[in-house]
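These are the residues of each chain, in order.
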Protein chains: 2
Amino acid sequence: MLEKLKEIVGSTHVLTGEDAQPYLVDWRGRYKGAALAVVRPGSTQEVADVVKCCVTNGVPIVTVGGNTGLCGGATPDQSGNAVVLATSRLTQVREIDTDNDTMTVEAGCVLQNLQELAQKSNRLFPLSLAAEGSCTIGGNLATNAGGTQVLRYGNTRELALGLEVVTAEGEIWDGLRGLRKDNTGYDLRDLFIGSEGTLGIITAATLKLYPLPVAQTTAMLALDSLEDAVSFLSRARAGFGPALTGFEVMAGPVLQAVVRLFDQQRIPFDGPSAQSPWFALLELSDSESAEHAQERFEEVLGQAIEDGLVQDAAIAQNSTQSKAFWHLRESIPLAEAELGKSIKHDVSIPISRIAEFVQITNAAIQKTFPGVENIVFGHLGDGNLHYNVAPAQGQTQEALLSLQSEVYQLVHDSVADFKGSISAEHGIGQLKRDELPRYKSAIELSLMRRIKQALDPKDLLNPGKVLTVA
Amino acid sequence: MLEKLKEIVGSTHVLTGEDAQPYLVDWRGRYKGAALAVVRPGSTQEVADVVKCCVTNGVPIVTVGGNTGLCGGATPDQSGNAVVLATSRLTQVREIDTDNDTMTVEAGCVLQNLQELAQKSNRLFPLSLAAEGSCTIGGNLATNAGGTQVLRYGNTRELALGLEVVTAEGEIWDGLRGLRKDNTGYDLRDLFIGSEGTLGIITAATLKLYPLPVAQTTAMLALDSLEDAVSFLSRARAGFGPALTGFEVMAGPVLQAVVRLFDQQRIPFDGPSAQSPWFALLELSDSESAEHAQERFEEVLGQAIEDGLVQDAAIAQNSTQSKAFWHLRESIPLAEAELGKSIKHDVSIPISRIAEFVQITNAAIQKTFPGVENIVFGHLGDGNLHYNVAPAQGQTQEALLSLQSEVYQLVHDSVADFKGSISAEHGIGQLKRDELPRYKSAIELSLMRRIKQALDPKDLLNPGKVLTVA
């Protein structure tokens, strides 16, 4: 079979032994697998031929993009039975159509390259997330990645107009449409998006582009409570309209830890505002000018301060200051790493219930695991919290991590009580596969299994990810 | 079986004979069917019980909402074997959550009632279309309705966060989530949306709300060509940002026919601009003020006129004028009716190729059917054209309609050449079912059939719509 694969993709693109190793471990080193070989097809036709070859031999296929996932979705199991299909050579940009505001690109394109490509055409491709320097658009689509611009532009799902997919039989579905309206049959596109390589292999996509904003300006807010942040979000959505592209919240102690740990960081408030229990970071993307964005901030924030909803506000006066505010927010994961490995949750909650969720869950955590640090921050505008738990003072990270499954269960049970999601933007992969049946109805799991059975009857596409077929 | 159905929904809600007639004909009178009975369940549980009863008896179920569809999707066939399930009693508003910007409503709610409900809560539910006074949200979801606000807010698909669906086995799937981010398995929601009642019966949905804009202002533009309209659309998207909520185009002769036929209508230009070959209608939804919207219009339109891209522009000075401009656009279908029944197409084309599509298709139409009137207008911002063909001078409408299938094929073949869609916003139903295999690949049809088979193996849900299962 390896000979046949070498015929299809060329012998230098079938990797085994040491060369295959980087593809068999996830980037955080939490999952290690084995494989017959890693193959790197150079075209959609080669992907199709590889799949046909694997099907003939009953060999499972695990597709990997940039290998930046957080749930082990692209790492094969340890049986060594599978072929890993790497999309790294599928990097062609097939078309940029500025009048249609679309680009058609192959699955292996790195996200940051696509952002830059769009910018060169005076357009914005708004998907933006921490791994953008190495994640691929194929992986973004397969996991329906979220990121920092969801409030305005949606998840990856909302940015895709069309797909090209290789099916479980090795056929090529050409669904590369650049249309905003198309009601001709079932929505196959959205079925493949977010299915984590278990229903088909995405080889290319037609993506939406937007005009570049003229200015992006941020403001930091000091708030008395998360309730106030939620109330102010409604006002901000009305007052700024769709110019509001970011609304992040951070618990006070989290931001205070950042400035304690990193000398060059500073909360932009003096006096008691710097000790606020909550902070928010807002971003406006303006189609007029930076001055207009600042005026809008002044008007809406001024009124909110007058009404006692916001305690203090610092509006960035230039792009350096705007970046400094974002940098403060982005330093939270680095501060967390300094505090010792934490137990992380990627959850979403209806926005109206977030404050109550945090209050009740924090209390339950403290009752069951006294003294641990609750690290709470996230994309309030999307209802998406990174709800993390760090070691108590004097507790080793090993001692905390030994409690991981209990902590997961407590937090996820609370999420379920509030009708939230246990995976807002990272997917299921292998990490949460066995948790899913606890939170999904039997009917929903049955519908999912029937679709898996219909599109991949032999269970050869990324088996054991998202759900078990048995 | 009718006795059993009466037990479930109450005998007054099982209609036969004359009482059933209104449900057996589509509103335009183009499709006439027959049915065992029309049942009107009063709750999701009753829907589930009706489906179970039908499944037990091997009886097909055709679901109908407001019966305003344009493709016969909600009309049963003439066999008389089916039960028609009317959602008219599923009108409960289960929740409005303004902090989460969502509302959860049942399938039978009339769209306009939902718009008004949102407005009372100081929110916008942006879905808006001609039939809004009688169409239901269940039908909007089942057909993924488009309408006039798609440029900014997307189709119905983009406005739904969660669904409740009764499956082909009469089970209830509770997918009523009010979350902006949720990556926990396959996207069942989008599979049911747009499936025209063939995969499941949507009984309720959680929908997105938006802030009410402070002002909505329109402008009319006179343009030399459709190419110029496309070029200006790019500028308008950049200059107005997401405040641009409408960008309609109308061929000059079409608008000139409107003012010729309706005395009270007037093109807001004097001199040669009134005779322009193309017009555009723009709408801005502003989060500041009407004055701000007018200023933005003046700046962006002023520059475009200076650059020769736009020939003339009239900015509405108040809401009465804004409405008058919209009224002009909305009078086109009325003018068409005066000109004699036309052959209508609901197509979409990549925006960059629309001008070429119209030029080539108009020429082909004139060559094959000399003298007929090309009526071209539509939502340019979405790439969606209503491309219609009216009788030639002296030609009876009967003579024209006898050519309908040839005209359809010519236009749809041209759409396919331009990688467009033969049904942008109206769906497939029975009208375009047999056309679909001409324009969809065998692979795509096979994927659709496999999904239908997986979710409705007995083909009892709206059989013969969208696709044939054989």
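See the structure shown above.
Residues numbered from 1 in each chain as written. Chains lettered and ligands numbered in written order. Predicted model: local features only at pLDDT ≥ 70, side-chain atom pairs only at ≥ 80, totals over all residues. Heavy atoms only, no water.

What follows deals with the pairing of strand 14 (residues 278–286) of chain B. All names here are of chain B. Counting buried positions over the 9 residues of strand 14 gives 9, a clear majority of the element. What you see with strand 14 is no split at all: W278, A280, L282, L284 and D286 on one side and F279, L281, E283 and S285 on the other are buried throughout. Of the pairings in the sheet, the one linking strand 12 (residues 215–223) to strand 14 comprises 9 bridges and is antiparallel in character. Residue pairing for strand 14: T218 is matched across the bridge by E283. When strand 13 (residues 244–251) meets strand 14, the two strands line up antiparallel, connected through 7 bridges. (Buried < 20%, exposed > 50% of the residue type's maximum accessible area, 1.4 Å probe, protein only. Helix = DSSP H or I, 4+ residues; strand = E, 2+ residues; numbered from the N terminus. Pairing = 2+ DSSP bridges.)

The next point concerns the interface of chain A and chain B. Across the contact, 87 residues belong to chain A and 87 residues belong to chain B. The contact between chain A and chain B buries some 7,000 Å² in all, and 52% of this surface belongs to carbon and sulfur atoms. Looking only at chain A, the three residues that lose the most surface to chain B are A:K181, A:N183 and A:Y186, adding up to 15% of its buried area. Between chain A and chain B we count 14 salt bridges in total. The closest approach of N and O atoms between B:D101 and A:R237, which form a salt bridge, is 2.6 Å. (Contact = heavy atoms within 4.5 Å. Buried area = accessible area lost by both parts, 1.4 Å probe. Salt bridge = Lys/Arg side-chain N within 4 Å of Asp/Glu carboxyl O.)

In this section: the sheet that holds strand 1 (residues 14–15) of chain A. Residues and elements named next belong to chain A. Across the sheet, 4 strands lie side by side as 1-2-4-3; this open sheet has mixed pairing. Every other strand in the sheet has two partners, leaving strand 1 and strand 3 (61–64) as the edge strands with one partner each. Looking at chain direction, strand 3 and strand 4 (residues 83–86) are connected through 4 bridges and run parallel. Bridge pairing in strand 4 links V62 to V84.

Moving on, we come to the sheet that holds strand 13 of chain B. Residue and element names in this part refer to chain B. Read across the sheet, 7 strands follow the order 15-12-14-13-17-18-16 without closing on themselves; strand pairing throughout is antiparallel. In this open sheet, the two edge strands, each paired with only one partner strand, are strand 15 (312–315) and strand 16 (346–348). Strand after strand, the sheet turns through a mean of 20° between neighbouring axes, direction not considered. Bridging between strand 12 and strand 15 involves 4 bridges; their strand directions are antiparallel. Within the sheet, the bridge partner assigned to L221 lies in strand 15 and is A313. Contacts from helix 9 (residues 252–261) reach strand 12, strand 13, strand 14 and strand 17 (373–379), with the element oriented near 85° to strand 13. Packed onto the sheet, helix 13 (residues 354–368) meets strand 14, strand 16, strand 17 and strand 18 (384–390) and runs at close to 15° relative to strand 18. (Axes fitted to C-alpha atoms, helices over the stretch in contact; angles between N-to-C directions.)

To continue, consider helix 13 (residues 354–368) of chain A. Residue and element names in this part refer to chain A. In this model, helix 13 (15 residues) spans 21 Å end to end at C-alpha, consistent with the 21 Å of a helix rising 1.5 Å per residue. What helix 13 keeps buried is the set I354, A355, F357, V358, T361 and I365. Along the long axis of helix 13, the arc covered by the buried residues comes to 155°, so they all point the same way. In helix 13, those exposed residues whose orientation departs by more than 90 degrees from the buried face are Q359 and K367. Elements that come into contact with the buried residues of helix 13 comprise helix 8 (226–240), strand 14 (278–286), strand 16 (346–348), strand 17 (373–379), strand 18 (384–390) and helix 15 (404–417). (Expected span 1.5 Å × (residues − 1). Arc of directions from axis to C-beta.)

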